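Fold and contact review
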Amino acid sequence: MCGKARVLNTEMGADQDIAILEESYLGVSVPDESVDLVISMDALLHVGPEGQKTAIKEAARVLRPGGWMVFCDIMQQEVVDPVEMQPIYDRIHLTKLGTVSNYQECLSESGFTKFEFEPHSENVASHYGTVREVLIEKKGDIAVSEAFLNKMEAGLAVWKELAPQNIVWGFMTAQKTEKVNI
């Protein structure tokens, strides 16, 4: 994704104004208050709620006053049955996922306001179902082990099955409007 963004950045003549970095969002190399926008696409879920808090603090550190954090992520509903969710937790090596309220709390603690969430959870089951169908169709063309492919297929089936009642997905925006000593 970053590679494609770099190509588009250059084609649009914006490479002098827009830097695209491939770094850990838990600690980036840019100076304090040096960027206007932080974007994350379906990545924060992979570090769990504590890591998400760290990533949001890092975004607050690097954003100038008035800057925006824009991201989408997969979360769990505010109340879920942890036993039912266990296959998802196991698949992504976490004990729980974040929630919209977790994100809002972390953003608020880090000096963000104007928080908005645009839900699109209805797309999760169809997305994972389609990815599973393509995986099954292309199985013979993918250069990974049969065991890995079978594990992926089973995992995607679980995500599709559990998504409607357990998973939240959508876009979030928040503006850094307050300086917080982090």
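See the structure above.
The present account deals with the structure reproduced in this document. As the structure is a computational prediction, the values presented were derived from the model and not from experiment.

We now examine the pattern of salt bridges. As enumerated under the stated definition, the model contains 9 salt bridges in all. Note that Glu22 is salt-bridged to Arg6, the shortest N-O span being 3.2 Å. Here Arg6 lies in helix 1 (residues 2–11) and Glu22 lies in the loop between helix 1 and strand 1 (35–41), a separation of 16 residues in the sequence. The salt bridge partner of Glu137 is Lys138, with a shortest N-O separation of 3.9 Å. For Lys138, a relative accessible area of 37% gives the class partly exposed.

Looking now at the sheet that holds strand 2 (residues 63–76). The strands making up a sheet are joined through hydrogen bonds of the backbone, oriented either antiparallel or parallel. If you trace the 4 strands from one edge of the open sheet to the other, you get 1-2-4-3, paired in mixed fashion. A strand with exactly one partner marks an edge of an open sheet, and here the two such strands are strand 1 and strand 3 (112–119). For this sheet, the mean inter-axis angle between neighbouring strands, taken without regard to orientation, is 15°. Bridge count for strand 1 against strand 2 is 6 bridges, and the pairing is parallel.

Once that is clear, we can look at the packing of helix 2 (residues 48–62) against helix 4 (residues 100–109). Packing of helix 2 against helix 4 brings their axes to within 9 Å, and their N-to-C directions diverge by 35°. Crossing geometry of helix 2 relative to helix 4 is assigned as right-handed. Facing Gln52, Lys53 and Ile56 of helix 2, the residues of helix 4 in contact are Tyr103, Cys106, Leu107 and Glu109. In terms of residue class, the contact of helix 2 with helix 4 is made up of 4 nonpolar, 1 polar and 2 charged.

A few words now on the side chain of Lys139. For Lys139, the position within the fold is in the loop between helix 5 (123–138) and helix 6 (146–166). A polar atom in the side chain of Lys139 sits 3.0 Å from the side chain of Asn150. The contacts of Lys139, once residues within four sequence positions are left out, are Glu146, Leu149, Asn150 and Glu153.

A few words now on the packing of aromatic side chains. In this description, an aromatic ring pair is defined by two values, namely the gap between the centres and the angle between the planes. Inspection of every chain in the model, using the stated rule, returns 3 aromatic pairs. Seen in terms of ring centroids, Trp169 and Phe171 are 5.2 Å apart; in terms of plane orientation they differ by 65°. Their pairing is edge-to-face. A relative accessible area of 16% means that Trp169 is categorised as buried. A relative accessible area of 30% places Phe171 in the partly exposed class.

Calculation criteria
- Residues numbered from 1 in each chain as written.
- Predicted model: local features only at pLDDT ≥ 70, side-chain atom pairs only at ≥ 80, totals over all residues.
- Heavy atoms only, no water.
- Salt bridge = Lys/Arg side-chain N within 4 Å of Asp/Glu carboxyl O.
- Helix = DSSP H or I, 4+ residues; strand = E, 2+ residues; numbered from the N terminus.
- Buried < 20%, exposed > 50% of the residue type's maximum accessible area, 1.4 Å probe, protein only.
- Pairing = 2+ DSSP bridges.
- Axes fitted to C-alpha atoms, helices over the stretch in contact; angles between N-to-C directions.
- Left-handed = near helix turned anticlockwise from the far one by under 90°.
- Contact = heavy atoms within 4.5 Å.
- Nonpolar A, V, L, I, M, F, W, Y, C, P; charged D, E, K, R; others polar.
- Polar contact = N/O pair within 3.5 Å; in protein donor to acceptor, adjacent residues only side chain to side chain.
- Phe/Tyr/Trp six-rings, centres within 6.5 Å; stacked < 30°, edge-to-face > 60°.

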